[in-house]
Amino acid sequence: SLEKKKDAPQILIYHTHASEAFADSRKGVQADTVVGMGDLLAEYLTEKYGYVVLHDKTVFDMKNGADNRSHAYNEALTYMEQLLKENPSIEVIIDLHRDAGAKRVATIQGKQVAKVMLFNGLSRNTSGELSYLPNKNLPYNLAFSFQMKLIGDEMYPGLMNKIFLKDYRYNMHLAERYLLIELGTSNNTVEEASNAMEPLADVLAQVLSGV
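Predicted, not measured: the structure shown is a model, and the values here were computed from it.

## What about the packing of helix 1 (residues 34–47) against helix 5 (residues 197–209)?
- It is the contact of helix 1 with helix 5, at a shortest axis distance of 9 Å, that shows an interaxial angle of 50 degrees. In terms of axis orientation, helix 1 runs oblique to helix 5. Where helix 1 crosses over helix 5, the handedness of that crossing is right-handed. Between helix 1 and helix 5, the contacting residues are Met37, Leu40, Leu41, Tyr44 and Leu45 on the first element and Met197, Glu198, Leu200, Ala201 and Leu204 on the second.
- For the contact of helix 1 with helix 5, the class distribution of residues is nine nonpolar, no polar and one charged.

## Some remarks on unusual backbone geometry
- Within the chain, asparagine 64 stands out as a residue other than glycine whose phi angle is a positive 55 degrees.
- Position of asparagine 64 relative to the elements: it lies in the loop between strand 3 (62–63) and strand 4 (66–67).
- For asparagine 171, which is not glycine, the phi torsion reads 65 degrees and is therefore positive.
- Note on placement: asparagine 171 falls in the loop between strand 11 (160–166) and strand 12 (177–185).
- Asparagine 171 sits in the buried class, given a relative accessible area of 6%.

## As for helix 5
- With 13 residues, helix 5 extends 18 Å from end C-alpha to end C-alpha; this agrees with the ideal 18 Å at 1.5 Å per step.
- Burial within helix 5 is extensive, with ten of its 13 residues counted as buried.
- Taken together, the buried positions of helix 5 are occupied by Met197, Pro199, Leu200, Ala201, Asp202, Val203, Leu204, Ala205, Val207 and Leu208.
- Just past helix 5, the residue glycine 210 takes up positive phi, approximately 75 degrees.

## Some remarks on the pattern of salt bridges
- In this structure the tally under the stated criterion is nine salt bridges.
- Of the charged contacts in the structure, one is a salt bridge between arginine 69 and glutamate 20, with a shortest N-O distance of 3.3 Å. Of the two residues, arginine 69 is situated in helix 2 (residues 69–86) and glutamate 20 in the loop between strand 1 (11–14) and helix 1; the sequence distance between them amounts to 49 residues.
- Look at arginine 69 and you get partly exposed, because its relative accessible area is 38%.
- Owing to a relative accessible area of 5%, glutamate 20 belongs among the buried residues under this scheme.

## Looking at the nonpolar core
- Residues Ile11, Leu45, Tyr51, Ile94, Met148, Leu159 and Leu183 are the most contacted members of the largest nonpolar core, which totals 41 residues.
- The element contributing the most residues to this core is helix 5, with eight residues.
- The contact partners of leucine 159, leaving out residues within four places of it in the chain, are Ala106, Ile108, Val113, Ala114, Lys115, Val116, Ala196, Pro199, Leu200 and Val203.
- In this structure, Leu84, Ile90, Met172 and Tyr178 belong to the second largest nonpolar core, which totals 19 residues.

The rules behind these values
Residues numbered from 1 in each chain as written. Predicted model: local features only at pLDDT ≥ 70, side-chain atom pairs only at ≥ 80, totals over all residues. Heavy atoms only, no water. Axes fitted to C-alpha atoms, helices over the stretch in contact; angles between N-to-C directions. Helix = DSSP H or I, 4+ residues; strand = E, 2+ residues; numbered from the N terminus. Parallel < 35°, antiparallel > 145°, perpendicular 65-115°, else oblique. Left-handed = near helix turned anticlockwise from the far one by under 90°. Contact = heavy atoms within 4.5 Å. Nonpolar A, V, L, I, M, F, W, Y, C, P; charged D, E, K, R; others polar. Buried < 20%, exposed > 50% of the residue type's maximum accessible area, 1.4 Å probe, protein only. Expected span 1.5 Å × (residues − 1). Salt bridge = Lys/Arg side-chain N within 4 Å of Asp/Glu carboxyl O. Core = buried A, V, L, I, M, F, W, Y, C linked by side-chain atoms within 4.5 Å.

Below, the structure is given as structure tokens:
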């Protein structure tokens, strides 16, 4: 559970790949990207559930107008370490992405909603642990994702896609409560992605309430 504070941010939303958009996103319109979805999620968490949320919109996957995806996680790490030092009250971190591949959609309360996939880096590969990518928070990261999946399946059947496990670390060592979220895919629409933000906020608030 997380005891709410009114005077400092407890939840951080950011985007390692801030340029990720959807099937019908308007070119150059940030509201149609994962950053716009982060705005909606922050709004629900703040106005409906009373959390103090910091939404950082720094772009790491583009640099001087060129693609910077291969360096985005490293650049995000340096930036986030400083941001967390300046905001020690942050206890929950959400790195909000959009996946590739076929559309993932569910019908929830009569609306078409992009499915949410939770992604966890295991700091290991087929040869074993990656000692150069330690993550003391890995058990907590996995438990947090598992709680989100269980509660999400109960509250909104169809919303949660799956928990995807992969090698490497993806900066998830930065907090115990860290979610790397893949919101639908490049074939989902902006509306479908937007429709997922209220139920996602509801699930997160339920998990953080400890009920």
